[in-house]
Amino acid sequence: MRQFSRYLAELATNPNASRGDYGPVQERVLNADGLNTARAVIYAWPGYKPTPLIALPGLARAAGIMRLYYKDEAHRFGLKSFKPLGGAFAVARMLMRELPANTKQGKVTIDDLLNGRFGKEASGFTVTAATDGNHGRSVAWGARMFGCRGVIFINEAVSKGREKAIASYGAEVRRNPGSYDDAVRKAQSTAVEENWFVISDTSEDASTQAPRDVTQGYALMAAEAIEQLPREDTPTHIFLQAGVGGMAAATCAQFWQAFGKDRPKTILVEPVNAACWLASLKSGRPIVIDGDLDSLMGGLACGEVSSVAWEILSTGADAMMTIEDEAAADCMRLLAEAPHGDAVIVAGESGVAGLAGFLIAAGDDNMREKLQLDKNSRVVVFGTEGATDPDTYTDITGYRPEDLA
Ligand SMILES: Cc1ncc(COP(=O)(O)O)c(C=O)c1O
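Please read these numbers as outputs of a predicted model, since none were measured by experiment.

## A closer look at helix α8 (residues 160–167)
Three or more residues of α8 are buried, namely Arg162, Glu163, Ala165 and Ile166. Taken down its axis, α8 places every buried residue within 160° of arc, on the same side. Looking at α8, the residues exposed on the side facing more than 90 degrees away from the buried face are Lys160 and Lys164. In this structure, the buried side of α8 is in contact with β4 (126–131), α7 (134–146), β5 (149–155) and β6 (172–176).

Quick look at the structure:
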């Protein structure tokens, strides 16, 4: 894809990448039992169905590979991103753990939560989270579905459209000065003062329950994709956008468990201004990125990696890439216009980063060689959001999402 070769991108390999089996270190974080729990809880929610895995043969041909698959999360529970699998799942898990003490019941099930059996007790709980948009929407949606209160912290850069979408699920939205990482700290300190439950998607301590639940919930997206892939198309590469890394860790872990030593190469893709994974993996330890993390890819504008994700990606990631905002914007237009005869896809800024990274790599001979991308490659990317902010989508692409659907 020569069209994408004009964008500056950095590619580095992870010096600590492992080609071994999924081992006890990784099992401690994400495992088959955890996925089974996620399935049992999430399958029970109204409207659950796997999102489509779309083959893009025209784009695959143009990029000089054998197959390209796009998992389209724009269709997840009407929230238009993969995030309900994490935040809302973690709200359910918290209530299932905490409510038995309040209700004097031995066990509280997901059906109890959905039927409002302990509605009075649940309404006494407040969940909180920091968000750049999608995670907060998911926690707010979960809080409403399970009958507790939600208070969501957003940072200065979060668009009005995204703020409104969170509030539409009945949560209180508080705008905090500074970055996403500042909002994370504010949610934490307020929760301690008010005795609320933090449903964070990131943590400095890998044993913290909520980010573990969030990450485990995300694994369902990858599990669906593996089930949907034609048997003969064993994947050779997955390109995964990373913010704090939860989505990438869950996906890497799921493919690693399914394919073992033959797992696909995992390439993390980040905005050039917020490349905390590139810096951390290069130096073999988590590194905090300072400065202006600003990016069009708001969901990826994070300066600190999640320690839960670090347990998986410190050895599970094979390579890391940074991309410019304009590459993501171009990729959104490419999916909207589908010039290679593939299906038209509506995808948001953060959702296309993995695909944009792949297209840049596919059009660059050095990167192709470094990643062993060739005419036999079978690549899977995850379109983790649709038009989560329709006005921004139209500003970037020139199209209204409803005209393309
Ligand atoms: C659409 C989208 N994709 C990817 C991500 C990155 O997920 P994570 O922070 O778990 O790396 C986010 C995070 O907000 C997001 O909103």
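From this point, things continue past the structure.
## Some details on the site of the ligand
Near the ligand lie 17 residues; those nearest to it are Asn134, Gly243, Gly245, Met247 and Thr384. Note that an oxygen atom of the ligand is positioned 2.7 Å from one of the backbone N or O atoms of Gly243. Take Val244: an N or O atom from its main chain is 3.0 Å from an oxygen atom of the ligand. For the ligand, whose free accessible area comes to 390 Å², the fraction covered by protein is 99%. A breakdown of the residues in the shell around the ligand according to their chemical character gives six nonpolar, eight polar and three charged.

## Let's talk about the pattern of salt bridges
Under the defined criterion, the tally for this structure stands at 25 salt bridges. Between Arg67 and Asp233 there is a salt bridge, and its shortest N-O distance comes to 3.0 Å. Of this pair, Arg67 sits in strand β3 (residues 67–72) while Asp233 sits in the loop between α10 (209–228) and β8 (237–241), and the two are 166 residues apart along the sequence. Judged by relative accessible area, Arg67 falls into the partly exposed class, the value being 32%. Given the relative accessible area of 3%, Asp233 is considered buried.

Quick notes on the rules
Residues numbered from 1 in each chain as written. Predicted model: local features only at pLDDT ≥ 70, side-chain atom pairs only at ≥ 80, totals over all residues. Heavy atoms only, no water. Buried < 20%, exposed > 50% of the residue type's maximum accessible area, 1.4 Å probe, protein only. Helix = DSSP H or I, 4+ residues; strand = E, 2+ residues; numbered from the N terminus. Arc of directions from axis to C-beta. Contact = heavy atoms within 4.5 Å. Near = heavy atom within 4 Å. Polar contact = N/O pair within 3.5 Å; in protein donor to acceptor, adjacent residues only side chain to side chain. Areas by Shrake-Rupley, 256 points an atom, 1.4 Å probe, with all protein chains shown as cover. Nonpolar A, V, L, I, M, F, W, Y, C, P; charged D, E, K, R; others polar. Salt bridge = Lys/Arg side-chain N within 4 Å of Asp/Glu carboxyl O.

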